[in-house]
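# Inside the fold
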Amino acid sequence: MLRKGSELQRGDREVLLDLGDGEQAQTTDSYGSLQNGVSIPPRYLSSATANEDGDDRVYFHLNTRCNQPVPQRGNYFRDGKTKIDFVLVWEIRSRRKRRGKAKSEVTGDDGENVPTEENSRSGRKKAKLAQWREKFVENLESVGLLMEKEETANEKKTIHFLKIHAPWDVLVYYAEELRLRAPLQAQPHLDLNTSARVLSRLCIPNVMKESVPNRPLDYYTCAFRKSKMSRFLGCENHETYFNNTQRQRVVYEILAGAVYGKRKRAEVGVERLVNEGAYSAAFPLHEGPFELPKYEISPDELNQRQVLYYYWARWWKWCKYQPLDHIREYFGEKIAFYFAWLGFYTAWLLPAAVMGTLVFVSGVMSMGSNTPAKEICDSGGSYLMCPLCKTCKAWNMSDICTMAKLGYLFDHPGTVFFSVFMSFWAVTFLEYWKRKMATLAHHWDCMDFHEEEERPRPEFAAMAPTMEQNPVTGVKEPYFPEKTRLSRMFTGSMVIIMMMCVVMIFLVTVVMCRGIISVMMFRTGSPVLRTEAGTIANISGSIVNLGLILLMGRVYTALAEQLTKWEMHRTQTQYENAFIFKVFIFQFVNFYSSPFYVAFLKGRFVGYPTNYGTLFGMRNEDCGPGGCLIELAQQLFVIMVGKQLINNIQEFILPKVKAWQQKRTLAKVLGNKKSQEPRRWEEDYQLVECEGLFEEYLEMVLQFGFITIFVAAFPLAPLFALLNNWVEIRLDAHKFVCEYRRPVAERAQNIGVWFNILEALSHLSVIANAFLIAFTSEFLPRLLYQYKFDSDLNGYVNFTLAHAPLNYTEYSLCRYKAFRDNEGNHTLFFWELLAVRLSFIIAFEHVVFFVLRAIDWIVPDVPESLELKIKRERYLAKQALAENQEALLVSRGRGPAHTTPGASSPGHDASFGNMS
């Protein structure tokens, strides 16, 4: 059926262009068509010319109501041979013709009623979007992409699916432009798991090891060159030479650079089209379903998605190694690096969790031998303690016998050893992760990867006020004045400071809330409530604090996103780094402010009888009967474990809810077609869009801070982190394999700015642990008392209690915990202890950082074996890409020989040497 293009300029064509191989470059005025996947070259369309004026084009349209159904065969066009590399989706709402308006509307190509007069804003917007899609498809056609269109429609809505395929010539051209890596020679699979090598040497069965089918081959590679095609392995097979991930990357590069409007307005790229609403989604397809077939099938016959699901994403694979090569092959290096880091971090948590558990168990076993706790429990009425509030009464120290024993669990010599251990653990973990990161970067051919000159972000391009010439590329691009950006960044930093002040206000509110709850517990008169008042108040305050933390985190993340957009960062990398920095700084204060207060400020400004410190008329908080470390442990347990539980529940439920909503929407459109076999693009459109790795990294980095900065107070923190991460890996794996649309594979050579944040946290943990041991723990006071007075700590409790000043009339004989004399002045022991504390901080810090530098010097960032492989690969690349191949062969002692490209022969193998 023929129809003039002048009637259809606001619609989207169903006919798609093919630039035939060997043909001259076609202009955008020439069009082709795909009928059942077979292209009609433009030279056969010469008879279908334009009108006499030459302005209106003629379109060939595919009859979607053909009586002969074409079988669907996986991710292919209707011909069953042309691969689908990418899919664009847009939805059109149908509008019923009304009386009096029927003449003012015509039906467009895609079934949409388009107003001819364009007198409404929505009508003009729809026409504009349709025009953009039209122009966008034209430019994709001019590049040489093949396309095929599908429709799913009912009376109210039509969903259009545009399937895109990159022919061989297009792939070859862009492979050289993008410097994709091409295989020179296969090499044996490397065993990258250190634990597997250790267990193998010890002849211990490795239950974590599992043979995963269809493991991607490992090659020596070099940058692709079209002129050296014959030197690369497998170049004779055009269908399989580029894997699906590489094909998707090439197509996305074309989509990201295709113009759909005016270039001077930076109307470029599919991302901006999606943001503007011209397309509702743009994604590559999954490799078939993830469910295993009901009939018996060989493991080698499973598709990549099924392999990942069966050998990785299922819950009972928690004790197996992650198939990182398969993850990289399917999702790209950026996502593979996240799971590699998460698995490496989880494996390193195992010794930390074991050590922490042993320290905790040792504390439980030695509780009965704690001399200070015995003295408190046996004191009876010997120590009458001063009231804890203005309206409270004096109390006996023997009332806190239970809390004194429990406090020893979190404040004994073993916890001090564990904090030292975790300081070394943190810095050593990062040093070995550098080695792992370098090994994986080389193994995945991205060690020399550097981000090419990035295009401006779509939002930046849309809002930039002027156009300037890029000094690197020479192309005019959107430009935003640097001074204006700096002023906006300064304003944004003021907003961050203001939000931090809000967090501090909430912290003061929680502190006052804890004080009020404690007073209420004391006023009840119940001995049990009076004894546990501090614990009840601390746990209640921690729960309230967790709720405020999660609420403020949500609010600030949305605010930070808007601030970062307003700052007008040019590239996506700059935008992401600025956004990550803002959110992490705020979340650091948001999550850690309350633990920092308990660890380093609480109980420091209490004062003494007749001279108590106050805040808004309330007496400053003092540490509870068991000490500040047990309160810090309670805080960490509630905040850290509570956050992990809430996040896991959200990650489990929210994707399912979103997917259910998406399926319900598509089910309404499918209607009677729902009983038919669903097509891959329809199934993937029902999945949830992948929102990136920011939330995943943020959760793990905050957890890393909890288990390193405050680990002296909570030895079981690494154990809870380990249990959470085992669940986290499977949750994330299941989301990416089963519930998310397949993300576009992105290249990366590391985990980015998150590594710098981890390094900062590891250094901060050393300082924090030093201060925690010196000023919060009772370790140094006990140690000094043992050195000066009694090695068995006999009389230590009485030594740490001061008498109320003589002018204190309420309870003149009461005691309080401090190193003060009867007039309230600090004793000599206080100053000696202060000197010991400061000396310990300096010594601890210098020793740990010295060992860190020693580890950094002893453990190279790149293993020696990897350096040899890199040199070997560079040698092979140099030889393979040498211009004078004849001279090359002679120099190796061989005569000229002709070998089939990519074929394996003894001579060929000898030329490349031994790969072992």
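Residues numbered from 1 in each chain as written. Predicted model: local features only at pLDDT ≥ 70, side-chain atom pairs only at ≥ 80, totals over all residues. Heavy atoms only, no water.

Let's shift gears to the overall build of the chain. Looking only at helices and strands, one finds 27 helices and 22 strands in the chain. Among the 916 residues that make up the chain, the fraction classed as buried is 51%. Taking as baseline every contact in the chain between residues at least 6 positions apart, the subset at least 24 positions apart corresponds to 76%. Of the accessible surface of the chain, which amounts to about 44300 Å², a share of 57% is contributed by carbon and sulfur atoms. (Helix = DSSP H or I, 4+ residues; strand = E, 2+ residues; numbered from the N terminus. Buried < 20%, exposed > 50% of the residue type's maximum accessible area, 1.4 Å probe, protein only. Contact = heavy atoms within 4.5 Å. Areas by Shrake-Rupley, 256 points an atom, 1.4 Å probe, with all protein chains shown as cover.)

Looking at the chain as a whole, the pLDDT averages 77, with 80% of positions reaching at least 70. Across the chain, helix α8 (residues 333–365) holds the top mean pLDDT of 92, while strand β4 (residues 58–60) sits lowest at 29. In the model, residues 97–106 has pLDDT below 50 throughout and makes 14 contacts with residues more than four positions away in sequence or in other chains. Note on residues 884–916: pLDDT under 50 across the span, and 39 contacts to partners over four residues away in sequence or across chains. (pLDDT = per-residue confidence, 0-100.)

Attention now goes to the packing of aromatic side chains. For any pair of aromatic rings, geometry is given as the distance between the ring centres together with the angle between the planes. A full pass over the atoms with the stated rule returns 64 aromatic pairs. Plain terms: the ring middles of W132 and Y260 are 5.0 Å apart, the flat faces sit at 65° to each other, and that makes the pair edge-to-face. Taken together, the residues W132 in helix α1 (residues 121–143) and Y260 in the loop between α4 (244–257) and α5 (270–276) connect sequence positions 128 residues apart. Owing to a relative accessible area of 9%, W132 belongs among the buried residues under this scheme. The exposure class assigned to Y260 is buried, which follows from its relative accessible area of 1%. Residue placement shows K163 over the ring face of W681; its charged tip is 4.3 Å from the ring centre. Over the aromatic face of Y330 sits the side chain of R742, whose NZ or CZ is 3.8 Å from the ring centroid. (Phe/Tyr/Trp six-rings, centres within 6.5 Å; stacked < 30°, edge-to-face > 60°. Lys NZ or Arg CZ within 6 Å of the ring centre and 35° of its normal.)

What follows deals with the sheet that holds strand β9 (residues 157–165). Taken together, the 4 strands give an open sheet; going across it, the order is β8-β9-β5-β12, and neighbouring strands pair in antiparallel fashion. Each edge of the sheet is formed by a strand with only one pairing partner; in this case those strands are β8 (146–153) and β12 (281–283). Across this sheet, the average inter-strand angle for adjacent strands is 15°, counted without regard to direction. Strands β5 (86–93) and β9 of the sheet are contacted by α4, whose axis makes an angle of about 50° with β5. (Pairing = 2+ DSSP bridges. Axes fitted to C-alpha atoms, helices over the stretch in contact; angles between N-to-C directions.)

What follows covers the state of the cysteines. This model, assessed by the stated rule, comprises 2 disulfides. Each sulfur in the disulfide pair C377 and C401 lies 1.8 Å from the other. Across the disulfide from C377 to C401, rotation about the S-S bond amounts to roughly 90°, and the bridge is consequently right-handed. Placement of C377 in helix α9 (residues 371–377) and of C401 in helix α10 (residues 401–409) is noted, with a sequence separation of 24 residues between them. (Disulfide = S-S within 2.5 Å.)

Right, let's get into a nonpolar patch on the surface. On the surface, a cluster of nonpolar side chains totalling about 670 Å² of accessible area is made up of W315, W316, I649, F652, I653, V657 and V727. The greatest single-element share of the nonpolar patch, amounting to 4 residues, is contributed by helix α17 (residues 628–670). Looking at the secondary structure, you find F652 in helix α17. (Patch = residues over 30% accessible without salt bridge, like charges linked within 9 Å, V, L, I, M, F, W, Y side chains within 5 Å. Salt bridge = Lys/Arg side-chain N within 4 Å of Asp/Glu carboxyl O.)

Another point: unusual backbone geometry. Even without glycine at this site, R179 takes up a positive phi of about 55°. Tracing the sequence through the fold places R179 in the loop between α2 (168–177) and β10 (181–187). Phi at N214 is positive, roughly 60°, even though this residue is not glycine. Secondary-structure assignment places N214 in the loop between α3 (194–201) and β11 (218–223).

On to the pairing of β8. The element β8 is largely enclosed, with a buried count of 6 among its 8 residues. Strand direction decides the pairing type here: β8 and β9, joined by 8 bridges, are antiparallel. Bridge pairing links E150 to F161 in β9.

Right, let's talk about the pattern of salt bridges for a bit. The full count for this structure, using the stated rule, is 29 salt bridges. In this structure, R485 and E482 form a salt bridge, with 2.5 Å as the shortest nitrogen-oxygen distance. Of this pair, R485 and E482 are both found in helix α13 (residues 482–523), 3 residues apart, which corresponds to roughly one turn of the helix. For R485, a relative accessible area of 8% translates into the label buried. Here E482 falls in the partly exposed class, since its relative accessible area comes to 43%. Through salt bridges with shared partners, a single ionic network connects R78, E148, E150, K163, R679 and E682.

Further remarks concern α4. For α4, spanning 14 residues, the distance from its first C-alpha to its last is 20 Å, which sits close to the expected 20 Å at 1.5 Å a residue. Within α4, 10 of the 14 residues are buried, which leaves it mostly tucked inside the rest of the structure. (Expected span 1.5 Å × (residues − 1).)

Attention shifts here to the environment of F779. Structurally, F779 is set in helix α22 (residues 779–788). As for F779 and D411, which are separated by 368 residues in sequence, their C-alpha atoms are 7.3 Å apart. Non-local contacts of F779, meaning those with residues more than four positions away in its chain, are made with D411, P413, V416 and I773.

Turning our eyes to something else, we now look at the side chain of E567. Considering the arrangement of structural elements, one finds E567 in the loop between α15 (533–566) and α16 (572–601). Classification of E567 as buried rests on a relative accessible area of 1%. Within the structure, the side chain of E567 is placed 2.8 Å from the side chain of K582, a separation counted as a polar contact. Not counting residues up to four positions away in its chain, the partners in contact with E567 are R485, R488, M489, G492, A578 and K582. (Polar contact = N/O pair within 3.5 Å; in protein donor to acceptor, adjacent residues only side chain to side chain.)

As a further point, take the packing of α8 against helix α11 (residues 413–443). Axis separation between α8 and α11 bottoms out at 10 Å; the angle between their running directions is 160°. Regarding the angle of α8 to α11, the classification is roughly antiparallel. Crossing of α8 over α11 shows right-handed handedness. Of the residues in the contact of α8 with α11, the class split is 22 nonpolar, 4 polar and 1 charged. (Parallel < 35°, antiparallel > 145°, perpendicular 65-115°, else oblique. Left-handed = near helix turned anticlockwise from the far one by under 90°. Nonpolar A, V, L, I, M, F, W, Y, C, P; charged D, E, K, R; others polar.)

So, about the environment of W660. Looking at the secondary structure, you find W660 in helix α17. Take W660: its relative accessible area is 51%, and that puts it in the exposed class. For the pair W660 and V688, spaced 28 residues apart in sequence, the C-alpha to C-alpha distance is 9.4 Å.

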